[in-house]
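Chain by chain, the residues:
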Amino acid sequence: GCAAACTTCSVASGPAVMTFVGQGEGEYITETSYKYVGKGAGIFSMVAPRKSFLPQIAALIVLLVVIVLVIILWPSSPTTTTTPMTTTLPTTQAPLVKKICEFWGDPHIKSFDGARLSFYGDGEFW
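Residues numbered from 1 in each chain as written. Predicted model: local features only at pLDDT ≥ 70, side-chain atom pairs only at ≥ 80, totals over all residues. Heavy atoms only, no water.

A.B. asks: Help me understand the sheet that holds strand β7 (residues 102-104) in this model?
C.D. replies: On the basis of which strands lie adjacent, the open sheet formed by three strands has the order β7-β8-β9 and antiparallel pairing. On the outer flanks of this sheet lie β7 and β9 (116-118), each paired with one strand and no other. Taking the axes of each pair of neighbouring strands and ignoring which way they run, one obtains an average angle of 20° across the sheet. For β7 and strand β8 (residues 108-110), the ladder comprises three bridges, and the chain directions are antiparallel. Following the sheet pairing, Glu 102 is matched in β8 by Lys 110. (Pairing = 2+ DSSP bridges. Helix = DSSP H or I, 4+ residues; strand = E, 2+ residues; numbered from the N terminus. Axes fitted to C-alpha atoms, helices over the stretch in contact; angles between N-to-C directions.)

Next comes the structure, spelled out in structure tokens:
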């Protein structure tokens, strides 16, 4: 019945074939050929072979799992952030600074950065 079909994931498919169903369960007995003897009087009955849908159900589940994994694990494009280049022109130019380097006496120098240097001794100094 329906309960057996639902528990085995199978339905009848194809023509029925003579199958042993047990003592007191079938409608036929064996002779040179099968002879109908009435319901429950024989040991064979016409039973349609059953086809299982389990492979199709398993394939569908595997397909769904693969689709979910592809969606989850698909590499996303890298997110890049760029700041638009802005050029700001100065409204006023900075005044030019004039620097002076001073020499006085034999060993004394005041450099461009304001340092006071004195060279005492023999030799050439650059």
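From this point on, the discussion continues.
A.B. asks: Just checking my understanding: could you explain the confidence of the model for the protein for this structure?
C.D. replies: Regions with low pLDDT should not have their predicted coordinates read in detail. Across the protein, the average pLDDT comes to 78, with 83% of residues at or above 70. Highest mean pLDDT in the protein belongs to helix α2 (residues 54-73) (93); lowest belongs to helix α1 (residues 2-8) (53). (pLDDT = per-residue confidence, 0-100.)

A.B. asks: Can you walk me through a nonpolar patch on the surface in this structure?
C.D. replies: On the surface, Phe 53, Leu 54, Ile 57, Ile 61, Val 65, Val 68, Leu 69, Ile 72 and Leu 73 cluster together to form a nonpolar patch covering roughly 850 Å² of accessible area. On the accessibility criterion, Val 68 (44% relative accessible area) is partly exposed. (Patch = residues over 30% accessible without salt bridge, like charges linked within 9 Å, V, L, I, M, F, W, Y side chains within 5 Å. Areas by Shrake-Rupley, 256 points an atom, 1.4 Å probe, with all protein chains shown as cover. Salt bridge = Lys/Arg side-chain N within 4 Å of Asp/Glu carboxyl O. Buried < 20%, exposed > 50% of the residue type's maximum accessible area, 1.4 Å probe, protein only.)

A.B. asks: Could you clarify how one ought to interpret the packing of aromatic side chains in this entry?
C.D. replies: Working definition: an aromatic ring pair is given by the centre-to-centre distance plus the angle between the planes. All chains considered together, the criterion is met by one aromatic pair. A centroid spacing of 5.9 Å and a plane angle of 75° characterise the contact between Phe 20 and Phe 44, whose relative ring orientation is edge-to-face. Here Phe 20 is found in strand β2 (residues 17-20), whereas its partner Phe 44 is found in strand β5 (residues 44-47), with 24 residues between them in sequence. The buried category is assigned to Phe 44, whose relative accessible area is 15%. (Phe/Tyr/Trp six-rings, centres within 6.5 Å; stacked < 30°, edge-to-face > 60°.)

A.B. asks: Just to check I follow, could you spell out the environment of Glu 25 for this structure?
C.D. replies: Locating Glu 25 in the fold gives a position in the loop between β2 and β3 (28-30). Note: C-alpha distance between Glu 25 and Phe 44 (19 residues apart in sequence) is 7.6 Å.

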